[in-house]
Amino acid sequence: MGVVLSATSCLDWAAALTSRTVPDLVRAAETVWQKGRTKDAPIFLPYVNGIRSPHDMPKARGLMLGLDLETDPDMLGWSVLEGVAFHITDSFAAQRNAGIDVAHLQLIGGGSRSHLWGEMIATMNDLPMYLPVGREVGASLGAARLAHVASGHSNPLKILCSKPRYEKKIIPNPAMAPLLKERYQRFQNAFELTRHIL
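(A) Broad picture of the packing of helix H1 (residues 7-17) against helix H3 (residues 73-97). Relative orientation of the contacting elements H1 and H3 amounts to 165 degrees, with a least axis distance of 10 Å. In this view, H1 runs roughly antiparallel relative to H3, as classed from their interaxial angle. As H1 packs across H3, the resulting crossing turns out to be right-handed. Residues Ala7, Cys10, Leu11, Trp13 and Ala14 of H1 touch H3, and the partners they reach there are Val80, Leu81 and Val84. Of the residues in the contact of H1 with H3, the class split is eight nonpolar, no polar and no charged.

If you want it as structure tokens, here you go:
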């Protein structure tokens, strides 16, 4: 598990900045992908509220790199989704490097409403992404489970170790992989070159 402080918050910020709703901005990002405009989108380091996993830089701030006169709100939507997907990939890589191996991913929270976002994350990590029932409130449900166990009114193993039911599966997209891998390298380079000033 990695901690991404501003995943959906980044999308909320971009939607407010572009005077769009979040669903409209996500649809616009999907259009950027469909029309082949992604390679010219800016690279976004999504640390608008600091970084916990994997760099532990709570005072870091975000960066949008590669803006030009052709950059439009649709491209910013793509960049935000992609930047958060890359941040999650960094966290997942740190886990893999620590010897933690998994067979699939799960996506919970507000961002799980976006198929494109799940597809980006699944593609970057080359693993299927499962979307559990109740995923939009997954973090709250987890906290409620912990509180229920702490109250002493239930069997901890039954509550905490039960597998979630899945209602959707997103598989990695081989057509998206080359573009994302190339842009992820740019993302990593941008972070390394700017980490001392973020």
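(B) Representation of helix H7 (residues 177-194) within the structure. The terminal C-alpha atoms of H7 lie 25 Å apart, and with 18 residues this matches the ideal 26 Å at 1.5 Å per residue to within 8%. Listed in full, the buried residues belonging to H7 are Ala177, Leu179, Leu180, Arg183, Tyr184, Phe187, Ala190, Phe191 and Thr194. Considered in projection along H7, the buried side chains sweep an arc of 140 degrees and stay on one side of the axis. In H7, the exposed positions that point more than 90 degrees away from the buried face belong to Pro178 and Leu193.

(C) Expanded view of the layout of surface pockets. Of the volumes computed, that of the second largest pocket is approximately 240 Å³. For the second largest pocket, the lining is made up of 14 residues, of which Val22, Pro23, Val26, Arg113 and Ser114 are closest to its centre. Residue assignment for the lining of the second largest pocket shows that the elements contributing at least two residues are H1, helix H2 (22-34) and helix H4 (115-125). For the lining of the second largest pocket, the element with the highest residue contribution is H2, accounting for five residues.

(D) Looking closely at H3. Taking 1.5 Å of rise per residue, the 25 residues of H3 would be expected to cover 36 Å, and the 36 Å separating its terminal C-alpha atoms lies within 8% of that figure. Among the 25 residues of H3, 19 are classified as buried, and the element is accordingly described as predominantly covered. With a side-chain oxygen lying 3.1 Å from the backbone nitrogen of Asp74, the N-terminal cap of H3 falls on Asp72. Gly99 sits one or two residues past H3 and shows a positive phi near 90 degrees.

Cut-off values and rules
Residues numbered from 1 in each chain as written. Predicted model: local features only at pLDDT ≥ 70, side-chain atom pairs only at ≥ 80, totals over all residues. Heavy atoms only, no water. Axes fitted to C-alpha atoms, helices over the stretch in contact; angles between N-to-C directions. Helix = DSSP H or I, 4+ residues; strand = E, 2+ residues; numbered from the N terminus. Parallel < 35°, antiparallel > 145°, perpendicular 65-115°, else oblique. Left-handed = near helix turned anticlockwise from the far one by under 90°. Contact = heavy atoms within 4.5 Å. Nonpolar A, V, L, I, M, F, W, Y, C, P; charged D, E, K, R; others polar. Expected span 1.5 Å × (residues − 1). Buried < 20%, exposed > 50% of the residue type's maximum accessible area, 1.4 Å probe, protein only. Arc of directions from axis to C-beta. 1 Å grid on protein atoms, 1.4 Å probe; cavity = no way out; pocket = protein on both sides within 12 Å on 5 of 7 lines; lining within 4 Å. Points joined across faces, edges and corners; volume = space filled by probe spheres on them. Polar contact = N/O pair within 3.5 Å; in protein donor to acceptor, adjacent residues only side chain to side chain.

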